[in-house]
Amino acid sequence: MESGESSNSNGNQRSQVLKNSSWYSQFRNASNPWMARYVYGFIFLVANLLAWASRDELSSLSALIQLKELKGCKVGQDCLGPNGVLRVSMGCFLFYMIMFCSTIGTSKLNEGRDEWHSGWWLVKIVLLILVTIFPFLLPTEFIEIYGDVAHFGAGVFLLIQLVSIISFITWLTDFFGSEKYAQRCQVQVMLFATVSYFICLVGIILMYIWYAPQPSCLENIFFITWTLVLLQLMTSVSLHPKVNAGILSPGLMGLYVVFLCWCALRSEPEGAVCIRKSESEAKTDWQSIISFVVAILALVVATFSTGIDSQSFQFFQFRKSDPPAEDEVPYGYGFFHFVFATGAMYFAMLLIGWNSHHSMRKWTIDVGWTSVWVRIVNEWLAVCLYLWMLIAPIIWKSRQGGST
């Protein structure tokens, strides 16, 4: 009994520190896990930039090509380009996997693992430097094996991100469909859904114009047309009387599906017949640079937001209806680091076009036919998961009714 009271008192003291201390004091005393997540996000961003530099910038320096000190590099070349991206990715992956293994299962703010997650930054900086250098000492054969494994890890990241997005759309629909907001926000929901469908149709029309300029572009025509069919299918299932999920969720899912189709078409390599000439020019302009920077930042933000959304995965843990206690951790630390670990594999695949033997033009990301099919399969999988989330409750109820 006394131990439980002392635990609650420590949790209350920790909460008071979070409320009353300055941000610098919270960071120094390792008392704010919310601030710690931004530090981990910044580390992930630095790893992305370092991987990009090893692919585009450092590989152009002749002095680095002549390096012979690193045993894993043959005349320095195997530590740059796509191979360098994989080495940086491996170091980032190892760091977050170590953090995952050391923080998984943390539930209370006053645990030692919580302090390790939110503090000990000097030790973790040394650890980060060591695991970043370590892959550059490995032979190329080990890095190629990691590249093969990274394909699977990147797929896991895409699946986690997909479930998180669908869960958010479902939560948003349930929120506006609740008794409290159903009547009050009816007009806003209808307007938002209408705008979503309008944007989807405009996006599909523009994709026909930009990426299917002639009848011979059968593959692109199929991708775009099938996206339109999937949009209609999601709407029909959602509006079915037995499902009755409304029009907002399929509209939001339509935006995501159209976006994935557009990303897939954008990933087609240079020289493709159905790509506009302006998009396949060899020269690098400011639009390419801005698109690259936005893509990197979007990847970091997506990884960051997905990492703190462990509640979306009900097959890992059940949602709690009661409000969390003051001494409970605000998000799953282990899940947070696991998402960043798989995200490290994902950014490597984007920078090398899912092929370690594929050279990409400077200031490009996620380009190649493999990238195209990864995006298309991700789009189809998103629709399948969304439809299953709509149909599964009906199937479950029918089975329960049949058993009784």
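Along every chain, residues carry numbers that run from 1 in the direction the sequence is written. For a predicted model such as this one, the threshold for reporting local features is a pLDDT of at least 70, and the threshold for listing and counting side-chain atom pairs is 80 or more; totals across whole chains, interfaces and linings nevertheless cover every residue. Hydrogens and waters are ignored; side-chain quantities use all the structure's heavy atoms.

Here we look at the overall build of the protein chain
Phase 1: Numbering of helices and strands starts at the N terminus; helices are DSSP runs of H or I of at least 4 residues and strands are runs of E of at least 2. Scanning the protein chain from N- to C-terminus turns up 14 helices and zero strands.
Phase 2: Start at the N end of the protein chain and walk to the C end: the helices and strands fall as α-α-α-α-α-α-α-α-α-α-α-α-α-α.
Phase 3: Accessibility here uses a 1.4 Å probe with only protein chains present; expressed as a share of the type maximum, an area under 20% marks a residue as buried, one over 50% as exposed, and anything in between as partly exposed. Per-residue burial over the protein chain gives 45% buried out of 404 residues.
Phase 4: Counting only contacts in the protein chain whose residues sit at least 6 apart along the sequence, the fraction spanning at least 24 positions is 76%.
Phase 5: Here the protein chain has roughly 21,400 Å² of accessible surface; of this, 68% comes from carbon and sulfur atoms. In what follows, a contact means two residues having at least one pair of non-hydrogen atoms within 4.5 Å. Accessibility throughout is a Shrake-Rupley quantity obtained with a 1.4 Å probe, and a residue counts as covered only by protein chains that appear here.

Focus on the nonpolar core
Phase 1: Buried Ala, Val, Leu, Ile, Met, Phe, Trp, Tyr and Cys residues form a nonpolar core when they are joined through side-chain atoms within 4.5 Å. Ranked by internal contacts, the top residues of the largest apolar core, which has 52 residues, are Tyr40, Phe44, Tyr96, Tyr346, Phe347 and Met349.
Phase 2: Listed by contribution, the elements that provide at least two residues to this core are α3 (33–57), α5 (81–103), α7 (121–133), α8 (140–176), α12 (286–307) and α13 (333–352).
Phase 3: Residue contributions to this core peak at 15 residues, all from α13.
Phase 4: The residues contacting Tyr346, other than those within four sequence positions of it, are Ala154, Phe157, Leu158, Leu299, Trp354 and Arg375.

A closer look at α13
Phase 1: Multiplying 1.5 Å by the helix residue count minus one yields the expected span of that helix. Here α13 is 20 residues long and its end C-alpha atoms lie 29 Å apart, about the 28 Å a rise of 1.5 Å per residue gives.
Phase 2: Of all 20 residues in α13, 19 are buried, a share of seventy percent or more.
Phase 3: Directly beyond the C-terminal end of α13, a positive phi value near 65° is found at Gly353.

Notes on the confidence of the model for the protein chain
Phase 1: Looking at the protein chain as a whole, its pLDDT mean stands at 77, while 73% of the residues score no less than 70.
Phase 2: Here pLDDT means the predictor's own confidence in every residue, given as a number from 0 to 100. Ranking the helices and strands of the protein chain by mean pLDDT puts helix α10 (residues 218–238) first, with 93, and helix α4 (residues 62–65) last, with 47.

A closer look at the packing of α8 against α13
Phase 1: Note on geometry: axes are C-alpha line fits, over the in-contact stretch for helices, and angles between N-to-C directions span 0 to 180 degrees. Here α8 crosses α13 at 120°, and the two axes come no closer than 7 Å. With respect to α13, the axis of α8 lies oblique. Crossing of α8 over α13 shows left-handed handedness. In this structure, α8 uses Tyr146, Gly147, Val149, Ala150, His151, Gly153, Ala154, Val156, Phe157, Leu158 and Ile160 to contact α13, whose residues at the interface are Phe335, Phe338, Val339, Thr342, Gly343, Met345, Tyr346 and Met349.
Phase 2: All amino acids are sorted into three groups, where Ala, Val, Leu, Ile, Met, Phe, Trp, Tyr, Cys and Pro are nonpolar, Asp, Glu, Lys and Arg are charged, and the leftover types, Gly among them, are polar. Tallied by class, residues from the contact of α8 with α13 come to 14 nonpolar, five polar and no charged. Note on terminology: angles under 35 degrees are roughly parallel, angles over 145 are roughly antiparallel, angles of 65 to 115 are roughly perpendicular, and the others are oblique. Less than a right angle of anticlockwise turn of the near helix away from the far helix marks a crossing as left-handed, whereas a clockwise turn marks it as right-handed.

As for the packing of helix α9 (residues 186–211) against α10
Phase 1: Running from N to C, α9 and α10 cross one another at 165°; their axes reach a closest spacing of 9 Å. Classified by the interaxial angle, the pair formed by α9 and α10 is roughly antiparallel. In this structure, the crossing between α9 and α10 has a hand that is left-handed. Each of Tyr197, Cys200, Leu201, Ile204, Met207, Tyr208 and Tyr211 in α9 lies in contact with α10, whose residues at this interface are Asn220, Ile221, Ile224, Thr225, Leu228, Leu231 and Thr235.
Phase 2: For the contact of α9 with α10, the residue count by class is 11 nonpolar, three polar and no charged.

A few points about a nonpolar patch on the surface
Phase 1: Residues Leu191, Val195, Phe198, Ile199, Val202, Ile205, Leu206 and Ile209 make up a contiguous nonpolar surface patch of roughly 720 Å² in combined accessible area.
Phase 2: Tracing the chain through its elements places Ile205 in helix α9. Only residues whose relative accessible area exceeds 30% and that form no salt bridge enter a patch; like-charged residues are grouped when within 9 Å of one another, and nonpolar side chains (Val, Leu, Ile, Met, Phe, Trp, Tyr) when within 5 Å. Each salt bridge in this description consists of a side-chain nitrogen of Lys or Arg and a carboxyl oxygen of Asp or Glu lying within 4 Å of one another.

Some remarks on unusual backbone geometry
Phase 1: The backbone phi angle of Trp120 is positive, close to 55°, even though this residue is not glycine.
Phase 2: With phi around 50°, Asn244 is a residue other than glycine that occupies positive phi space.
Phase 3: Relative to the helices and strands, Asn244 resides in the loop between α10 and α11 (248–266).
Phase 4: Asn244 gets classed as exposed once you look at its relative accessible area, which sits at 63%.

What about the environment of Val300?
Phase 1: Take Val300: it is sitting in helix α12.
Phase 2: Spatially, the C-alpha atoms of Val300 and Gly343 are 8.6 Å apart, while their sequence positions differ by 43 residues.
Phase 3: Residue contacts for Val300: discarding those within four places in its chain leaves Gly41, Phe44, Leu45 and Asn48.

Remarks on the environment of Asn378
Phase 1: Position of Asn378 relative to the elements: it lies in helix α14 (residues 369–403).
Phase 2: By relative accessible area, which is 6% here, Asn378 ends up buried.
Phase 3: Expressed as a C-alpha distance, the spacing of Asn378 and Ala264, which sit 114 residues apart in the sequence, is 9.6 Å.
Phase 4: Here Asn378 is in contact with Leu158, Leu162, Tyr256 and Leu260, once residues within four sequence places are set aside.

Topic: the packing of aromatic side chains
Phase 1: Only rings of Phe, Tyr and Trp enter the pairing, Trp through its six-membered ring, and a pair is recorded when the two centres are within 6.5 Å. The plane angle decides the type: under 30 degrees is stacked, over 60 is edge-to-face, the rest tilted. By the definition in use, this model includes 21 aromatic pairs.
Phase 2: With a centroid separation of 5.5 Å and 50° between ring planes, the pair formed by Phe100 and Phe338 is classed as tilted. With Phe100 in helix α5 and Phe338 in helix α13, the pair connects residues that are 238 residues apart, well separated along the chain.
Phase 3: In this structure Phe338 comes out as partly exposed when scored by relative accessible area, which is 27%.
Phase 4: Pairing Tyr331 with Tyr333 gives two aromatic rings, centres 5.2 Å apart and planes at 70°, and the pair type is edge-to-face.

Notes on the environment of Leu265
Phase 1: Considering the arrangement of structural elements, one finds Leu265 in helix α11.
Phase 2: A C-alpha to C-alpha distance of 8.4 Å links Leu265 and Met207, two positions 58 residues apart in sequence.

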